Amino acid sequence: MKRIGLLGCGAMGTQIALAIDSGKVPATLTHVFDDSKEKSKLLVEKLTHKPEIVENSHLLSSNPIDIVVEAASQDAVRDAGLSVLQNKKDLMIMSVGALLDESIYDILSDACKDFKKTIYLPSGAIAGLDGIKSVKGELESISITTTKHPRSLKGAKFFENSEINLDEINSSTVIFEGIAKEAVSLFPANINVAALLSLTGIGSEKTHVKIVADPNTDKNTHHIEAEGKFGKMTYTIENYPDENNPKTSRLAILSAIETLKKYCSNDIQIGT
Ligand SMILES: NC(=O)C1=CN([C@@H]2O[C@H](COP(=O)(O)OP(=O)(O)OC[C@H]3O[C@@H](n4cnc5c(N)ncnc54)[C@H](OP(=O)(O)O)[C@@H]3O)[C@@H](O)[C@H]2O)C=CC1
Ligand SMILES: O=C([O-])CC(=O)C(=O)O
């Protein structure tokens, strides 16, 4: 049975932990860490099989586990990612935007090779990465338009230097247009999906992002268009947000759980 350490005990971390605790993921959750001790304790209270709460993120991977699951923040990836691999543990990353910093990407990629460990990036809140991966060599343009309720965009760095007041938006409004590299740094908790598209396709400077605040939506919608010599792919994912964190879609959580199930099981594997 695989042993898992969890970094981040928020909306996603809690659902992942419950999936392990209920046996949906055939593994044992042995250690958890969150910046907030309170959140770690609240999570452990919900579990039948109680993991140990460790005192810092580095202590997760110094324990005898197989994989650290990051469901915290881009900062957590920057702070703890390398030490996980150096401690010879696999790593699953949900805050994928951190990898659009080339120096972080290179350090983690080299460490995978040096320590013979793997980083897993679930498809998160989108679908279709299998197709993008297959046509990568023929891809000429790719864009994502993400539409969320203003409350799902609150707290993003972007608003520190913007005149836009989310509370005053009363119809669908484009609040950002630019490249993925810029988007993930200005909206670190909202557009990790653009990082997934960038890393799968033609990079973060050629992946175009539009972010729309729509007070009349109850969904987190991602509309993706990819075009090239192969033809054209267009798809839209209309996600319900998680009930505890409106920024995060239910699909992102289910995708993390599915990736872990695959990691922890020996079975037939379907898809690219
Ligand atoms: N790949 C994808 O498609 C998707 C990725 N995500 C990303 O997944 C991550 C988890 O999402 P979610 O659970 O909804 O977020 P939450 O905000 O609900 O939970 C994150 C938790 O991690 C804690 N945390 C943040 N930074 C650190 C750190 N450096 N060390 C330890 N704990 C830390 C937070 O504490 P505090 O609140 O005190 O900061 C919080 O308790 C986020 O980064 C989110 O942007 C989300 C949706 C889709
Ligand atoms: O969950 C979503 O819809 C997308 C999201 O927050 C992200 O990519 O960071």
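As annotated in an unreviewed UniProt entry, the chain is L-aspartate dehydrogenase from Nitrosopumilus cobalaminigenes. The UniProt entry for the chain carries the following text under Sequence similarities (unreviewed entry): "Belongs to the L-aspartate dehydrogenase family." According to the UniProt record, the Function (unreviewed entry) comment for the chain is "Specifically catalyzes the NAD or NADP-dependent dehydrogenation of L-aspartate to iminoaspartate."

**Quick word on the overall build of the chain**
Within the chain one finds nine helices and 11 strands. For the chain, whose C-alpha radius of gyration is 18 Å, the value lies close to the compact-globule estimate of 19 Å for 272 residues. When the backbone C-alpha atoms are referred to their principal axes, the chain occupies close to 45 × 45 × 35 Å. Within the span of the chain, comprising 272 residues, buried residues form 49% of the whole. Considering only intrachain contacts with a sequence separation of at least 6, the fraction spanning at least 24 residues in the chain is 70%. Carbon and sulfur atoms provide 47% of the accessible area of the chain, an area that totals close to 13100 Å².

**Here we look at the nonpolar core**
Within soluble globular proteins, side chains that are nonpolar tend to cluster in buried spots. Judged by nonpolar contacts, the single largest core of 82 residues is most densely connected at Ile 4 and Phe 187. A per-element tally of this core places helix 9 (residues 250-264) first, with seven residues. Shared between two domains, this core holds at least three residues of each, these being domain 1 (2-124 + 252-264) and domain 2 (129-247). Not counting residues within four places of it along the chain, the set of residues in contact with Phe 187 comprises Leu 153, Ala 156, Phe 158, Phe 159, Ile 175, Phe 176 and Ile 211.

**Considerations on the UniProt feature "active site" (unreviewed entry) in the chain**
Mapped onto this numbering, the UniProt entry gives "active site" (unreviewed entry) at His 222. Here His 222 is to be found in strand 10 (residues 220-228). Assessed through its relative accessible area of 1%, His 222 is described here as buried. For His 222, the side chain forms a polar contact with the side chain of Thr 146, separated by 2.8 Å.

**Observations regarding the UniProt feature "domain: Aspartate dehydrogenase" (unreviewed entry) in the chain**
As recorded in UniProt, the feature "domain: Aspartate dehydrogenase" (unreviewed entry) lies at residues 170-257. The span residues 170-257 carries 27% helix and 36% strand; its end-to-end C-alpha distance comes to 36 Å.

**Some points on the site of ligand 2**
All residues in the neighbourhood of ligand 2 are listed as Ala 125, Lys 148, Ala 189, Asn 190, Ile 191, Asn 192, Val 193, Asn 220, His 222, Lys 247, Thr 248 and Ser 249. Backbone polar atom of Ala 189 to an oxygen atom of ligand 2: 3.5 Å apart, as the coordinates give it. Here an oxygen atom of ligand 2 and a backbone polar atom of Ile 191 are 3.3 Å apart. Here ligand 2 has 270 Å² of accessible area as a free molecule, and 94% of this is covered by the chains. Per-class residue counts for the shell around ligand 2 are four nonpolar, six polar and two charged.

**A closer look at the sheet that holds strand 8 (residues 173-179)**
Pairing is mixed across the open sheet formed by five strands, whose spatial order is 8-9-7-10-11. One side of each edge strand has no neighbouring strand; the edge strands of this open sheet are strand 8 and strand 11 (231-239). Taken pair by pair, the neighbouring strands of this sheet meet at an average axis angle of 10°, ignoring direction. In terms of strand pairing, strand 7 (residues 139-148) meets strand 10 through eight bridges, oriented antiparallel. For Ser 141, the partnering residue across the bridge sits in strand 10 and is Glu 227.

**Let's talk about the site of ligand 1**
Taken together, 25 residues surround ligand 1, and among them Met 12, Asp 34, Ser 73, Ser 95 and Thr 248 come closest. The contact in question runs from a nitrogen atom of ligand 1 to an N or O atom on the side chain of Ser 73, over 2.7 Å. One of the side-chain nitrogen or oxygen atoms of Ser 95 is found 2.6 Å away from an oxygen atom of ligand 1. For ligand 1, the protein covers 81% of the area, taking 920 Å² as the surface of the free molecule.

**A short note on the sheet that holds strand 5 (residues 90-93)**
Ordered in space as 3-2-1-4-5-6, the six strands form an open sheet in which the pairing is parallel. Both outer strands of the open sheet, strand 3 (52-53) and strand 6 (119-120), are each paired with one neighbouring strand and no more. In terms of strand pairing, strand 5 meets strand 6 through two bridges, oriented parallel. Paired with Leu 91 across the bridge in strand 6 is Ile 119.

Rules and cut-offs
Residues numbered from 1 in each chain as written. Chains lettered and ligands numbered in written order. Predicted model: local features only at pLDDT ≥ 70, side-chain atom pairs only at ≥ 80, totals over all residues. Heavy atoms only, no water. UniProt positions renumbered as here; feature names shortened; annotations may be inferred. Helix = DSSP H or I, 4+ residues; strand = E, 2+ residues; numbered from the N terminus. Rg over C-alpha atoms; globule rule 2.2 N^0.38 Å. Buried < 20%, exposed > 50% of the residue type's maximum accessible area, 1.4 Å probe, protein only. Contact = heavy atoms within 4.5 Å. Areas by Shrake-Rupley, 256 points an atom, 1.4 Å probe, with all protein chains shown as cover. Core = buried A, V, L, I, M, F, W, Y, C linked by side-chain atoms within 4.5 Å. Domains from an automatic or database assignment. Polar contact = N/O pair within 3.5 Å; in protein donor to acceptor, adjacent residues only side chain to side chain. Near = heavy atom within 4 Å. Nonpolar A, V, L, I, M, F, W, Y, C, P; charged D, E, K, R; others polar. Pairing = 2+ DSSP bridges. Axes fitted to C-alpha atoms, helices over the stretch in contact; angles between N-to-C directions.

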